[in-house]
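Observations on the model geometry
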Amino acid sequence: MENVHLVPEEEDDDLYTGYNDYNPTFDSEDLHNDVGFQQAVRTSHGRRPPMTAKYPGTAIGGRPIGTAYGSRMPVGTAMGRPMTGAVQDGAARPMTAVRAAGYSSSIARGSVFDPLGQSKGPAPPLERQNEDTPEEKIKILEKKVNDLIEESCLAHAHGDLQLSLEKAKEAGRKERALVRQREQTGTADHINLDLTYSVLFNLANQYASNDMYTEALNTYQVIVKNKMFNNAGRLKVNMANIYFKQKNYTKAIKFYRMALDQISNAHNAMRIKIMQNIGVVFIHMGQYSDAITSFEYIMSENPNIKTGFNLILCYYAIGDRERMKKAFQKLICVPLGIDDEDKYIPANDDPHANMVIEAIKNDKLHQMERDRKALAEKYIMTSAKLIAPAIESSFAAGFDWCVDMVKGSQYVELANDLEINKAITYLRQRDFKQAVETLKMFEKKDSRVKSAAATNLSFLYFLEKDYDQADRYAELAMTADRYNPAALINKGNTVFVKEDYEKAAEFYKEALRNDSSCTEALYNLGLTYKRLGRLEEALDCFLKLHAILRNSAQVMYQLANLYEMLEDPHQAIEWLMQLTSVTPTDAQVLAKLGDLYDNEGDKSQAFQYYYESYRYFPSNISVIEWLGAYYIDTQFCEKAIQYFERATLIQPTQVKWQLMVASCYRRSGNYQKALETYKDIHRKFPENVECLRFLVRLCTDMGLKEVQDYATKLKKVEKMKEIREQRVRSGRESSARGRREGSAGSGSSSSPINTPPLRASVSRSEAKYSPVLQQGRDSGQSNHGTSAKGERLSVKLKTLPGSNEPYEASTQQEIDASYVDPLGPQMQRPKTAARKRTEEDEFADEELGDDLLPE
């Protein structure tokens, strides 16, 4: 009771009374004055084993402790220090808050401080779950099914459709086993419906991807008919797509409409897509009015570029001019939902902002925006080209209306492209004058349009062989845009035709520096090196070009021709064999292969390719000659007759083919047929000496009365021939004598008169029998530059024996049947930087440039 202080009643209540009162046991400020504490520190008094007591008490009962009042007084067990290590009934007392972590007075002396119990060693391993339980088996099986679905999807994404289908089937088998196992364990109520839906849906998709439409429809039906699957009705869209692929348009419409009925108005985007599909199906069915109804609804609710284009197609199909115009105006007003390109242009010198702009300039979002804009421009250009001739009385007026509409829209830059397309339309209508006038309007426009128009003008003048104007506009195109490869190619072509090959090569090289993928420049550079005789460099150009254009027949032919010029016939044959895999019906390629094998001495292979060439093009005189000569050499004259008769039909004014027919009859022993043939030849060519000689011989041997008449005619013809030859010789002698006298009389002249050398030429009457020319015009085949034009094609044929020789003479004369193609080699003409082939062009594969024919 000494420590109890009673507050007098007369004192007022203090709200903070007892605030500073606390147990003096926890006073640590006067520990240096605490005798017991100091003794415990200096001695082993504090390390003694704890005192045991029957009843709870203090370890040291009556030692004085410090109080807040500064006095020392003994404290009893009731008010004393809390017990820390006392033991009651042999059990340790629970730890209290006043004991330090890891400290216990009952720990034996010499023990280690280990509050975390690390000295006990690592914790025992976790007990492994028992996988034999049904629940664990079900979980493992579900995981396998999910893994198979994921593997199937990944295989489909990588393009391995067969593997994806196999994985989907295996997932279906595993899922059915899982359902059976749940039924056996009595947990059928816990079947994972989401997993079942995923398995069936993936399986149906894989069936559809592998064109197994019946199986896919059956699988979709299983999903749709199961009422436990939510929103399964949407899969009817997929079923309708399959019916569309099967061209079952009626069922496709039915399922699209069923899907549309099951989708609420909240999913408006999905409904719009389904209605667009319905419109497309109606177009395929030819029901344009129903398609127009669907597309008009879409354009009023949520307009888009594809729907607008389809609507224009429907109006064009029914021929409604006014509604075509309205639909075109709606099309150019469709918002694209993309940002302006100006945001990708640095506007200030802020390095941080510029770094951000550089980072987003070529990101996927910007690429998507560019693709969307390019698609919109493509649809607008196509629509304008389609409706321009239909909406007005003339296509020019229609183009003008479209250009005016486009100029007032967000696609103002397309107006110039439409004008260029207008010029292209003039070209297709053979109205070159209007095309040139339209293109000349761009001379005062901005540099890009001016360069495109000037490039096309240069090409047009090049086709018309007005090389001065072509050169002028090529220069103008280069001035407007020096980095325009098409302009550089056209400039190189104008220099090429002037035979300044070194300068042409420089322009082609510059075009390649500006656009390394420009195949026209690389091709023309190879031709230029070929003309310069730098065959190795030309070969390098065409090998690079072959790496880009793997199936180009022109490139393969040039490679074969270069190897032939380099005297490597085996490589030439190999490239021609590759060429036949690309153009197996090209008669000129087959004939060239036959010629190479003939030069190598392989007559059987040569005959095979010559015969194939004759099958595809039976009007090539050189091939006919070779085949006829081959059969004569192999003593099958009867088979040679059909080839020489074919040559007679092709060149009826050439007597040698008819003489060869008669000779074949004579060699085969059919003298009566030979006599009739010679008589027919004599009627057509009465002055032919060889024919009269054989008529005399045959009539004499056969004892015919006409022998005297033919002998008389033969003498007259021989005499006339001698007189004609004498006149020719006398004329040559007189002309030579006159030249000698003229040169002697002009001996005092300061410089001689240079007479130009004679140039070999072929008349048009002879040129029309040119087999290469006939092949290019009559056969309808494209040469692909595979004819070896400009070369002399000769075939050694056995001639008729003389009048004093027997019919089977052992001595043989040879006729050199040759021609020179007046057109020259087409494959070695330069290609222009344009894409469209024209009939007037004599140069092989000249195409209109990108600016002239936009895709």
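Residues numbered from 1 in each chain as written. Predicted model: local features only at pLDDT ≥ 70, side-chain atom pairs only at ≥ 80, totals over all residues. Heavy atoms only, no water.

1. Digging into the overall build of the chain
To keep it simple, the criterion reads: Only runs of H or I of at least four residues qualify as helices and only runs of E of at least two qualify as strands under DSSP, and these elements are numbered from the N terminus. The cut-offs for exposure are 20% and 50% of the maximum accessible area for each residue type, with area from a 1.4 Å probe on protein chains only; residues under the lower value are buried, those over the upper are exposed, and the others partly exposed. The contact rule is simple, with two residues in contact once any of their heavy atoms fall within 4.5 Å.
Scanning the chain for helices and strands turns up 34 helices and six strands. Put simply, the chain has 855 residues, and 39% of those count as buried. Counting contacts in the chain only where the partners sit at least 6 residues apart, residues at least 24 apart contribute 54% of the total.

2. Quick notes on the packing of helix 27 (residues 621-633) against helix 28 (residues 637-650)
What counts, and what does not: Only C-alpha atoms enter the line fits that serve as axes; for helices the fit covers just the stretch in contact. Angles between N-to-C directions range over 0 to 180 degrees. By definition in this entry, angles of less than 35 degrees are roughly parallel, angles greater than 145 are roughly antiparallel, angles of 65 to 115 are roughly perpendicular, and the rest are oblique. Less than a right angle of anticlockwise turn of the near helix away from the far helix marks a crossing as left-handed, whereas a clockwise turn marks it as right-handed. Here the nonpolar group is Ala, Val, Leu, Ile, Met, Phe, Trp, Tyr, Cys and Pro; Asp, Glu, Lys and Arg are the charged ones; every other residue, Gly included, is treated as polar.
Look at helix 27 against helix 28: their axes get within 8 Å of each other, and the N-to-C directions meet at 160°. Between helix 27 and helix 28, the crossing angle belongs to the class labelled roughly antiparallel. The crossing of helix 27 and helix 28 is left-handed. Here helix 27 contributes Ile-621, Ile-624, Leu-627, Gly-628, Ala-629, Tyr-631 and Ile-632 to the contact with helix 28, which in turn contributes Cys-637, Lys-639, Ala-640, Tyr-643, Phe-644, Arg-646, Ala-647 and Ile-650. Looking at the contact of helix 27 with helix 28 residue by residue, the class counts come to twelve nonpolar, one polar and two charged.

3. Observations concerning the pattern of salt bridges
Here is the rule we go by: Salt bridges are defined by distance alone: a side-chain nitrogen of Lys or Arg within 4 Å of a carboxyl oxygen of Asp or Glu.
This model, assessed by the stated rule, comprises 22 salt bridges. The shortest N-O distance in the salt bridge between Lys-143 and Asp-147 comes to 3.3 Å. Placement of both Lys-143 and Asp-147 in helix 2 (residues 134-157) is noted, with a separation of four residues, approximately one turn of the helix. Here Glu-502 ties to Arg-534 by a salt bridge, and the two come within 3.4 Å at their closest N and O atoms. Of this pair, Glu-502 sits in helix 20 (residues 501-514) while Arg-534 is found in the loop between helix 21 (519-531) and helix 22 (535-548), placing the two residues 32 residues apart along the sequence. Among the charged side chains, a network of salt bridges with common partners joins Glu-296, Asp-320 and Arg-323.

4. Structural notes on the nonpolar core
Selection criterion: Within this scheme, the nonpolar core is defined by two criteria: the residues are buried Ala, Val, Leu, Ile, Met, Phe, Trp, Tyr or Cys, and they are joined through side-chain atoms within 4.5 Å.
Among the nonpolar cores identified, the biggest contains 175 residues, and Phe-328, Tyr-411 and Tyr-678 are the most heavily contacted of them. When near neighbours in sequence (up to four residues on either side) are disregarded, Phe-328 contacts Ile-312, Ile-380, Ser-383, Ala-384, Ile-387, Trp-401, Cys-402, Met-405 and Val-406. Among the nonpolar cores identified, the runner-up in size contains nine residues, and Leu-141, Ile-149, Ala-171 and Leu-195 belong to it.

5. Regarding the packing of helix 23 (residues 553-565) against helix 24 (residues 569-582)
Interhelical geometry of helix 23 versus helix 24 gives an angle of 165° and a closest axis separation of 8 Å. In this view, helix 23 runs roughly antiparallel relative to helix 24, as classed from their interaxial angle. As for how helix 23 packs across helix 24, the hand of that crossing is left-handed. Of helix 24, the residues touching helix 23 (which contributes Ala-553, Met-556, Tyr-557, Leu-559, Ala-560, Tyr-563 and Glu-564) are Gln-571, Ala-572, Trp-575, Leu-576, Gln-578, Leu-579 and Val-582. Grouping the constituent residues of the contact of helix 23 with helix 24 by class yields eleven nonpolar, two polar and one charged.

6. Some thoughts on the environment of Met-405
Positionally, Met-405 belongs in helix 14 (residues 395-407). Residue contacts for Met-405: discarding those within four places in its chain leaves Phe-328, Gln-329 and Ile-332.

7. Here's the deal with the packing of aromatic side chains
Quick reminder of the rule: Here a Phe, Tyr or Trp ring, Trp counted by its six-membered ring, pairs with any other such ring whose centre lies within 6.5 Å, and the pair is stacked when the planes are under 30 degrees apart, edge-to-face when over 60, and tilted otherwise.
Here the structure, examined in full by the defined rule, presents 21 aromatic pairs. For the ring pair Phe-328 and Trp-401, a centre distance of 5.9 Å and an interplane angle of 50° mean the geometry is tilted. Placement of Phe-328 in helix 11 (residues 321-332) and of Trp-401 in helix 14 is noted, with a sequence separation of 73 residues between them. Here Phe-328 matches Trp-401 in class, with each residue buried.

8. As for unusual backbone geometry
If you check the backbone angles, Lys-247 has positive phi at about 65° while not being a glycine. Summarising the element assignment, Lys-247 is placed in the loop between helix 6 (236-245) and helix 7 (249-261). The exposure class assigned to Lys-247 is exposed, which follows from its relative accessible area of 62%. Despite not being glycine, Glu-567 shows a phi value in the positive range, around 60°.

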